[in-house]
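Now for the letters of each chain:
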Amino acid sequence: NAGVTQTPKFRVLKTGQSMTLLCAQDMNHEYMYWYRQDPGMGLRLIHYSVGEGTTAKGKVPDGYNVSRLKKQNFLLGLESAAPSQTSVYFCASSTPGGNIQYFGAGTRLSVL
Amino acid sequence: DAKTTQPTSMDCAEGRAANLPCNHSTISGNEYVYWYRQIHSQGPQYIIHGLKNNETNEMASLIITEDRKSSTLILPHATLRDTAVYYCIVRVSYNTDKLIFGTGTRLQVFP
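Each value, and the rule that gives it
Residues numbered from 1 in each chain as written. Chains lettered and ligands numbered in written order. Predicted model: local features only at pLDDT ≥ 70, side-chain atom pairs only at ≥ 80, totals over all residues. Heavy atoms only, no water. Phe/Tyr/Trp six-rings, centres within 6.5 Å; stacked < 30°, edge-to-face > 60°. Helix = DSSP H or I, 4+ residues; strand = E, 2+ residues; numbered from the N terminus. Buried < 20%, exposed > 50% of the residue type's maximum accessible area, 1.4 Å probe, protein only. Contact = heavy atoms within 4.5 Å. Buried area = accessible area lost by both parts, 1.4 Å probe. Polar contact = N/O pair within 3.5 Å; in protein donor to acceptor, adjacent residues only side chain to side chain. Nonpolar A, V, L, I, M, F, W, Y, C, P; charged D, E, K, R; others polar. Core = buried A, V, L, I, M, F, W, Y, C linked by side-chain atoms within 4.5 Å. Pairing = 2+ DSSP bridges. Axes fitted to C-alpha atoms, helices over the stretch in contact; angles between N-to-C directions.

### As for the packing of aromatic side chains
Consideration 1: Tallied over the entire structure, the rule returns 10 aromatic pairs over all chains.
Consideration 2: Ring centres of A:Tyr64 and A:Tyr89 lie 5.8 Å apart, and the angle between their planes is 65 degrees; this geometry places the pair in the edge-to-face category. Remark: A:Tyr89 occurs in strand 9 (residues 87-94) and A:Tyr64 occurs in the loop between strand 6 (54-57) and strand 7 (65-67); sequence separation between them is 25 residues. Residues A:Tyr64 and A:Tyr89 agree in their burial class; the two are buried.
Consideration 3: Taken together, the ring pairs in this structure connect A:Tyr33, A:Tyr35, A:Phe103, B:Tyr36, B:Tyr46, B:Tyr87 and B:Phe101 into an aromatic cluster.

### Considerations on the interface of chain A and chain B
Consideration 1: At the interface, 23 residues of chain A touch 20 residues of chain B.
Consideration 2: Between chain A and chain B, a total of about 1700 Å² is buried, with carbon and sulfur atoms accounting for 53% of that surface.
Consideration 3: Looking at the side of chain A facing chain B, the largest losses of area belong to A:Leu43, A:Asn99 and A:Phe103, adding up to 29% of the total buried there.
Consideration 4: Taken together, the links from chain A to chain B amount to four residue pairs in polar contact (both at pLDDT 80 or more).
Consideration 5: Elements that contribute at least two residues to the side of chain A that touches chain B include exactly strand 4 (31-37) and strand 5 (43-51) of chain A.
Consideration 6: Taken together, the residues of the side of chain A that touches chain B sort by class into 13 nonpolar, eight polar and two charged.

### Comments concerning the nonpolar core
All names here are of chain B.
Consideration 1: Formed by 21 residues in total, the largest nonpolar core has its most connected members in Trp 35, Leu 73, Tyr 86 and Leu 107.
Consideration 2: Of all the secondary-structure elements, those providing two or more residues to this core are strand 2 (18-23), strand 3 (31-38), strand 4 (45-50), strand 6 (61-64), strand 7 (70-75), strand 8 (84-92) and strand 9 (105-110).
Consideration 3: The element best represented in this core is strand 8, accounting for four residues.
Consideration 4: Setting aside chain neighbours within four positions, we find Leu 107 in contact with Met 10, Asp 11, Cys 12, Ala 18, Leu 20, Leu 75, Asp 82, Thr 83, Ala 84 and Tyr 86.

### Section: the sheet that holds strand 3 (residues 19-25) of chain A
Residue and element names in this part refer to chain A.
Consideration 1: Reading across from one edge, 1-3-8-7 is the order of the four strands in this open sheet, with antiparallel pairing throughout. Each having just a single partner strand, strand 1 (4-7) and strand 7 make up the two edges of the open sheet. Taken over all neighbouring pairs, the strand axes of this sheet differ in orientation by 20 degrees on average, direction set aside.
Consideration 2: As judged from the six bridges shared by strand 3 and strand 8 (residues 73-78), these two strands associate in the antiparallel manner. Counted as the bridge partner of Ala 24 is Asn 73 from strand 8.

### What to know about the side chain of A:His47
Residue and element names in this part refer to chain A.
Consideration 1: Considering the arrangement of structural elements, one finds His 47 in strand 5.
Consideration 2: Residue His 47 is classed as buried on the basis of its relative accessible area of 6%.
Consideration 3: Reaching out from His 47, the side chain makes a polar contact with the backbone oxygen of Ala 56 at a distance of 3.3 Å.
Consideration 4: The contacts of His 47, once residues within four sequence positions are left out, are Tyr 33, Trp 34, Ala 56, Lys 57, Gly 58, Pro 61, Tyr 64, Asn 65, Val 66 and Phe 74.

See the structure below:
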C-alpha cells in the first residue's frame, strides 16, 4: 500500500520557470492538501481540496495554483517560480473532516 | 483555534518513557488535541488525538488535564527511532484548513 506519493522528490528551477508537483493517493480519500515547510518553521497550508473538481485556498496561496481533476491526484503548479518559493512541499490526504492526515515524503524545491 | 505552547527540545534515554508536554490554556470546548511527529526529512505522521478523556493506541498515550488546558504525550518505551519533532495541535474537528503546525518539540532519544 503506497499511501501518498509525491513526484518529483527533488527539483531545481531557475527564477521564472514553471513546474507542476504531482501528488497521488491510493486510499480513496476525499480530502487532499498541499503544505510548504521552511527551515525552523512548521507546515503552512497552501491549497486544499474537499473532492474531485473542487479546490480552496489555504493560508499561503499566492504564487501557486492547484487542480483536482481526478480523486486520487492533486497537482500543485508554480507558474513563475521565485526564490521565495524555495521550500519543502508536502502533500497530504484524509477522510472528510481531515481528522487524520496522511503525508507524502515531500518534494524539495530550490529556485535559483 | 487555540494556540499551543511546547518546549523547544527534550532529551530521553532509550527505553525510558518520554513525556512531552503541551500547553493550550485557551482551548475551547469543541476543540480536539492532536499530536503528530516528523522524523527528519520525512512527512509528518499522525500519532493520536483526544477531546476530554485520556487516549491510548499502539504508538502512545495522551493525557489531558481535567480543565483541558494542558496535555502530555507519553511514549512509554522510547527508542532511537522516536527521535523526531513532535507537534501538538488544537483544532475543531471537521475544520478542514485548520491543522496548524507550530515549531513543535524536538525529542532526542539517546542510547
